[in-house]
Amino acid sequence: MHAGYHQPVSDATEAADEWLRAEARRLGVSVREVRDLARELRRQAIEARQWTEDLRRNAWEIYLRSVRRCVAGSAAFWRVGWRHVRQRVERDGRDFTSVPCYDLIGRELREATPEVRGWSTEQIFELLWDDYVPRPAADAFLGTAFDQIERAVCDPRNANESTTNEGF
């Protein structure tokens, strides 16, 4: 960046930053503390959903390997791939049992993923066919961070409670 050059900042960004600073001041904490807590909440939320992301990715790779006889290049589309398969199947008035190798996908996922060992193949496909919800941005956790800080400030007995990811 050259001296004297400033990147344009939107009014919305400036307003959000001012709100963040004002709320932190009101609670007597630093902006850094709030952002650190928000990052930790996001990390916990990502960790909590990691097994479902791994399940979706593994199922997509089984599908590609068994049905399409390929993995390279297409494996990156695990986030949206099942939505396209589901839409095509439902458009034709069929269900998950019309997906080639659906039983193999269910069996291999049960063997590889302890969380779904007792699930039926139908339950697995219900999870796979749910729309993938992208990971929330770090700023999405600022409100939750402020709520937790405010509870701790207003009632110090809450200060030692573990953090939660309510709403995420």
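Everything here concerns the structure above.
Every value quoted in this text rests on a predicted model; they were computed, and no experiment measured them. Per chain, residues are indexed from 1 in the order of the written sequence. The predicted origin of the model limits local features to residues at a pLDDT of at least 70 and limits the giving and counting of side-chain atom pairs to 80 or more, whereas totals for whole chains, interfaces and linings rest on all residues. Hydrogen atoms and water are omitted, and side-chain values are computed over all heavy atoms in the structure.

**Quick look at the overall build of the protein**
In terms of helices and strands, the protein carries 6 helices and 0 strands. Relative to its 168 residues, the protein shows a buried fraction of 32%. Only heavy atoms matter for contacts: two residues are in contact if any of them lie within 4.5 Å across the pair. A fraction of 64% describes how many contacts in the protein between residues 6 or more apart in sequence connect residues 24 or more apart. Of the roughly 10700 Å² that the protein leaves accessible, carbon and sulfur atoms contribute 50%. Helix and strand definitions here come from DSSP, where helices need a minimum of 4 consecutive H or I residues and strands a minimum of 2 consecutive E residues; each element is numbered from the N-terminal end. Exposure is judged per residue with a 1.4 Å probe applied to protein chains only, and the accessible area is read against the type maximum: over 50% gives exposed, under 20% gives buried, and values in between give partly exposed. In these tables, accessible area is a Shrake-Rupley quantity obtained with a 1.4 Å probe, and a residue counts as shielded only by the protein chains included in the view.

**A few points about the packing of aromatic side chains**
Describing an aromatic ring pair means giving the distance of the ring centres and the angle of the ring planes. Stacked, edge-to-face and tilted labels apply to pairs of Phe, Tyr and Trp rings (six-membered ring for Trp) whose centres lie within 6.5 Å, assigned for plane angles under 30 degrees, over 60, and everything in between, in that order. The final tally for this structure, using the stated rule, is 10 aromatic pairs. Where Trp60 meets Tyr63, the ring centres are 5.2 Å apart and the plane angle is 25 degrees; that geometry is what we call stacked. Remark: Tyr63 and Trp60 occur in helix 2 (residues 31-68); sequence separation between them is 3 residues, near one turn of the helix. Pair check on accessibility: Trp60 and Tyr63 agree, each one buried. Relative to Trp129, the ring of Phe125 lies with its centre 5.7 Å away and its plane at 85 degrees, an arrangement referred to as edge-to-face. With Phe125 and Trp129 both in helix 5 (residues 121-129) and 4 residues apart, this pair spans about one turn of that helix. The burial state of Phe125 is the same as that of Trp129; both residues are buried. Feature note: the residues Trp60, Tyr63, Trp82, Phe96, Tyr102, Phe125 and Trp129 constitute an aromatic cluster, connected by ring pairs. Here the guanidinium or amino end of Arg57 rests over the ring plane of Trp78, the centre of that ring lying 4.6 Å away. Over a ring means this: the NZ of a Lys or the CZ of an Arg is within 6 Å of the ring centre and within 35 degrees of the ring normal.

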